[in-house]
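A closer look at the structure
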Amino acid sequence: MTIRNLDKMFAPRSVALIGASARPGSVGGVLLQNLTTAGFEGVVSAVNPHASDLCGIETVPDVAALANAPDLAIIATPPQSVPGIISDLAKRGTRAAVVITAGFGELGDEGKALQARMLEAARPTLMRIVGPNCLGVMVPGLGLNASFAHLNPLKGDIAFVSQSGAVVTAMLDWATTRGIGFSHIVSLGGMSDVDFGDMLDYLAQDPKTRSILLYVESIYHARKFMSAARQAARLKPVIVIKAGRNAAAAKAAASHTGALAGSDAVYQAAFRRAGMLRVNGIEELFDAVETLSTRPERKLLAGNRLAILTNGGGVGVLATDFVIDEGGRMAELAPETIARLDAVLPRTWSRANPVDIIGDASAERYTASISELLNDPNTDAVLVMNCPTAVVDNVAAAHAVADAAEKSSKPVFTCWLGDKGARAGRQVFLDRKIPTYEMPNQAIHAFMLQIRYLRNQRLLMEIPPAGPAWPDRDLAKARAIVETVLAEKREWLNEAEAKALLDAYGIPIVETRIVSDAEEAARVADEIGFPVALKILSRDITHKTDVGGVALGLESANAARKAAETMLEKVTKTAPSARVDGFTVQRMVSRPSAFELILGIIDDATFGPVLLFGQGGTAVEIIRDKAMALPPLNRVLAEDLIRRTRISSLLEGYRGRPPADFDAIAGTLMALGDLAADLPEVCELDINPLWADQHGVIALDARVRVRPAHGQGTSRFAIMPYPSDLEGVLKARDGRAFPMRPIKPEDSPLIDDLLDHTDPEDLRMRFLSPLRRLPRQLAARLTQIDYDREMAFVVFTDESYSEIAAVGRLSEDPDRERAEYAILVRSDRQGVGLGYALMSHLIAYASAHGVGEIFGHVLRENTQMLELCEELGFRRERMEGEPGVVEVVLNLRAGT
């Protein structure tokens, strides 16, 4: 369940408060006061068995006595009474409720049982519940304040959704004093039903919400959350704060990957993948609100080059330090900009960025300076600062800056320093919706928040290039290795098995031989050739170095024999209970320019498989240079993961050391994503080290942990991977077979080619308007799809997969009640029944996925499509306000 009946929650025409009270300061009393004084124009009813009139509202003793079923019920009664009240409301026809009452899931088994009874009472009529244990909900645009908050929020276009009621009241208090308004404020509390995924789906479609803020403590349904978040983030800014950043999530982790991974790092990877902006505290969240609320025109940054304009040199230098510390760039002013500034500024100005226009700078001087900086081709944004002085009017200067900011297409940030002397100037910016901050570090942090948001959005919309040819995986070999280990009741693969598993996925490995004793180690070493590496082989030892289980650079058979004997003695002493199965011998690889990396997989309890990349070696947990990402990965996402680490700068080469092969590293990450999808039994894996240089990559050591799988491999993924099982052949009506598969991000150039080979009139019929080439953002949207919520099948002209003959698309609503179809057949491939076959395939797919009905919008003049739909059983419906368009609808649920 997702957005169904949420319209009754957030756009009710009638509200009933069950548990209303006349007692001052009580929750029921504050709720009733807020409901009746916030300006709600609908009907408000009250339920209290001991009163007949509260706040001038007729009050009834129970739900059954209500004159009419309310759209929305607010419940503030003892917890044991709530399931019965929900049942009574459901029978009356109420479809939404906010349960303020605490004492449910947060109180252990007894509370969880009570919560289950409450949900069971709501289920037959699909009643939606916010809470329990929440502050309530507020929709200022409707005058609805169904909460016990201390203030009525101002009307605005920012939605705030929080698990914490205390954070809601703090945000409300802070925002009201600054004139910041909200479209919705929702306290989710225990999230027994309505959760973040539901709210993101609802708010993404709400035209009165421009941006969404989330305060998150935990996520319960990862795939639902990720699908909703990615969809919302494509449409409007989504900013999130996650509590519990330092909670350790890998206390018992045995591998390096497990030790490096933590719950918060995984949440960070999820937020980034969804295109959301993550902030690290309440103050940052407030800064984000400040920035968003004062950017109604959504002036987005084009880059990270900042120019600073100030009347104080010292604060300009401090601000420059903050920019560098935050990872920003100071703009290098163009020579012509400096020349023009020379003409309008005193001889003593700084002649560089930061632009110090001297302490006696007037409003006119600010006007002349900011205009030149905003016109500078090397500047993406401007921060204007003012230090109060007795010789100039800083309010007049504020108006001058605001005038310039309103005319500019580039973002302007302001910082009027001081307290009493700066208040009036800051108020000018607040009144005119210009971002303003009390301190330079706050302003620069806000600037960098926008930079991070821009980067995440670009990543979300990126069209990745086709990847290099990577060897096809040997799934049978990989599965046989895993099944053998599980059959032997083992948890860890030995070194040879782990490397064989990597080899099955095309990851280069060092040949590794298993030997049983010191004599065999000497003989095999002589066969392999020197120098060799010798390692202990034990199912009970994961970190071999820690117990003296690794010897490198052995130059002779005798050295190998002695190393094995010494190693066995050390291991017996250090880990006496460990079972020793022998040794592994491998030839030492000589790649002097190679970098040591770590790549890995963990299985997170919330988000499922997660990939890790970072600097490897024996000190990996001390260096802690790592980044994480949710699979599946394409080339762009893999390279982004790599570049989020410090070692990525070294991988580009330095001081004669050649750059590493980024394609090979990215390919290895993508291969691990495939492995995670194919083998749900693999719960932990790391390759440490993976050597990478200009010649490619090679895995020197690997650890793999397995356990019996629970469910399908891809069902564990927070983001549904590419559904390769849907690849196949589509047979047209004339009997011809065409290769077909789900769309991929790298199909964007092929879609452009399809449009080039399609007549303009056919394109007009498909897109309902003339179109020759897809805008880049639309191309990304149509090829980077969420396979869990939508599907697009690409039909190819032949098995070369180089040209597209047709595309059929289904876009489901979050409830899967309806799905909109769209079909385009290349003009020179029409007339063979390809459109009919593709439409039939879409219908079968939708039916299998539980979609209620398929619909499409067809021009009245498109008789060919209308006849096809009629043949397949669609009915026609009129579209209000669109006389030239017909809606065709096919019901897929029998008897409805």
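All of these numbers come straight from a predicted model, not from anything done at the bench. (Residues numbered from 1 in each chain as written. Predicted model: local features only at pLDDT ≥ 70, side-chain atom pairs only at ≥ 80, totals over all residues. Heavy atoms only, no water.)

Brief notes about the overall build of the chain
Applied cut-off: For helices the rule is a DSSP run of H or I covering at least 4 residues; for strands it is a run of E covering at least 2, with both sets numbered from the N terminus onward. When we talk radius of gyration, it's over C-alpha atoms, and the globule rule is simply 2.2 Å times the number of residues to the 0.38. For every residue, the accessible area (1.4 Å probe, protein chains only) is compared with the maximum for its type, and the residue is labelled buried under 20%, exposed over 50%, or partly exposed between those bounds. Should any heavy atoms of two residues lie within 4.5 Å, those residues are counted as being in contact. When charges are tallied, Lys and Arg are placed among the positive residues and Asp and Glu among the negative ones, while His and the ends of the chain are skipped. Note on charges: their place is set at NZ of Lys, CZ of Arg, CG of Asp or CD of Glu.
Across its full length, the chain holds 29 helices and 38 strands. Taking 2.2 N^0.38 as the reference for a compact globule, 896 residues should give roughly 29 Å; the C-alpha atoms of the chain span a radius of gyration of 32 Å, in line with that estimate. Projected onto its principal axes, the C-alpha positions of the chain cover 95 × 85 × 65 Å. In the chain, which comprises 896 residues, the share counted as buried stands at 57%. Put simply, of all contacts in the chain between residues at least 6 apart along the chain, 71% involve residues at least 24 apart. Distance from the positive charge centre (97 side chains) to the negative charge centre (113 side chains) of the chain: 1 Å.

Comments concerning the pattern of salt bridges
Short version of the rule: For this analysis, a salt bridge means a side-chain nitrogen from Lys or Arg found within 4 Å of a carboxyl oxygen belonging to Asp or Glu.
As enumerated under the stated definition, the model contains 58 salt bridges in all. In this structure, the salt-bridge partner of Lys-477 is Asp-503, at a minimum N-O distance of 2.8 Å. Placement of Lys-477 in helix H17 (residues 475–487) and of Asp-503 in helix H18 (residues 495–504) is noted, with a sequence separation of 26 residues between them. On the accessibility criterion, Lys-477 (30% relative accessible area) is partly exposed. In this structure Asp-503 comes out as partly exposed when scored by relative accessible area, which is 36%. With a closest N to O distance of 3.1 Å, Glu-681 and Arg-479 form a salt bridge. Here Glu-681 is found in the loop between helix H24 (662–678) and strand S28 (682–693), whereas its partner Arg-479 is found in helix H17, with 202 residues between them in sequence. Classification of Glu-681 by relative accessible area gives buried; the value is 10%. On the basis of relative accessibility, which here comes to 23%, the residue Arg-479 falls in the partly exposed class. Linked through salt bridges whose partners overlap, the residues forming this network are Arg-128, Asp-193, Asp-195, Asp-198 and Lys-224.

Overview of the sheet that holds strand S22 (residues 532–537)
Convention followed: Two strands are said to pair when DSSP picks up at least two bridges between them. Lines fitted to the C-alpha atoms define the axes, with helices restricted to the stretch that makes contact. Angles between their N-to-C directions range from 0 to 180 degrees.
Ordered by their spatial adjacency, 4 strands build an open sheet running S21-S24-S22-S23, and the pairing between neighbours is antiparallel. Each edge of the open sheet carries a strand with a single partner, namely strand S21 (512–515) and strand S23 (550–554). Direction aside, neighbouring strands of the sheet carry axes that sit 25 degrees apart on average. Bridge count for S22 against S23 is 3 bridges, and the pairing is antiparallel. Paired with Leu-534 across the two strands is Ala-551, which belongs to S23.

Things to note about the confidence of the model for the chain
Regions with low pLDDT should not have their predicted coordinates read in detail. For the record, the criterion: One confidence number per residue, pLDDT, is output by the predictor and ranges from 0 to 100.
Confidence along the chain averages 89 in pLDDT terms, with 94% of residues attaining 70 or more. In this model residues 247–262 is a low-confidence stretch, pLDDT under 50, and it forms 48 contacts with partners more than four residues away in sequence or in other chains.

Observations regarding the packing of aromatic side chains
For any pair of aromatic rings, the description rests on two quantities: the centre-to-centre distance and the angle between the ring planes. Note the following rule: Note on ring pairs: Phe, Tyr and Trp rings are taken, using the six-membered ring of Trp, and paired if centres are within 6.5 Å. Classes follow the plane angle, with under 30 degrees stacked, over 60 edge-to-face and the rest tilted. Ring-over charges, as used throughout, are those where CZ of Arg or NZ of Lys falls within 6 Å of the ring centre and within 35 degrees of the ring normal.
A full pass over the atoms with the stated rule returns 11 aromatic pairs. Pairing Phe-10 with Tyr-202 gives two aromatic rings, centres 5.2 Å apart and planes at 40 degrees, and the pair type is tilted. Residue Phe-10 is located in helix H1 (residues 6–10), and its partner Tyr-202 is located in helix H6 (residues 196–204); the two are separated by 192 residues in the primary sequence. Judged by its relative accessible area of 16%, Tyr-202 falls in the buried class. Counting every residue linked through ring pairs, the aromatic cluster contains Phe-225, Tyr-267, Phe-271 and Phe-607. Lying across the ring of Tyr-267, Lys-242 places its NZ or CZ 4.5 Å from the centre.

A look at the side chain of Asp-201
The test is simple: Distance and chemistry together define a polar contact, namely a pair of N or O atoms within 3.5 Å, with one atom able to donate a hydrogen and the other to accept it when in protein, and with adjacent residues in sequence counting only for side-chain atoms on both sides.
Structurally, Asp-201 can be placed in helix H6. Exposure remark for Asp-201: the relative accessible area of 3% places this residue in the buried category. A distance of 2.7 Å separates the side chain of Asp-201 from the side chain of Arg-789, its partner in a polar contact. Not counting the four nearest positions on each side in its chain, Asp-201 is found in contact with Thr-2, Ile-3, Ala-228, Arg-789 and Pro-814.

Considering helix H20 (residues 557–574)
So the rule is basically this: In a helix, the anticipated span is given by 1.5 Å times the number of residues less one. Regarding the arc, it is the one traced by the directions from the helix axis to the C-beta atoms.
The terminal C-alpha atoms of H20 lie 25 Å apart, and with 18 residues this matches the ideal 26 Å at 1.5 Å per residue to within 8%. Of all the residues in H20, the buried ones are Ala-560, Ala-563, Ala-564, Met-567 and Val-571. Viewed end-on, H20 has its buried residues packed into an arc of 105 degrees, placing them on one side of the element. Turned more than 90 degrees away from the buried face of H20 sit Glu-569 and Lys-573, all of them exposed. Elements that come into contact with the buried residues of H20 comprise helix H19 (518–528), S22, S23 and strand S24 (582–587).

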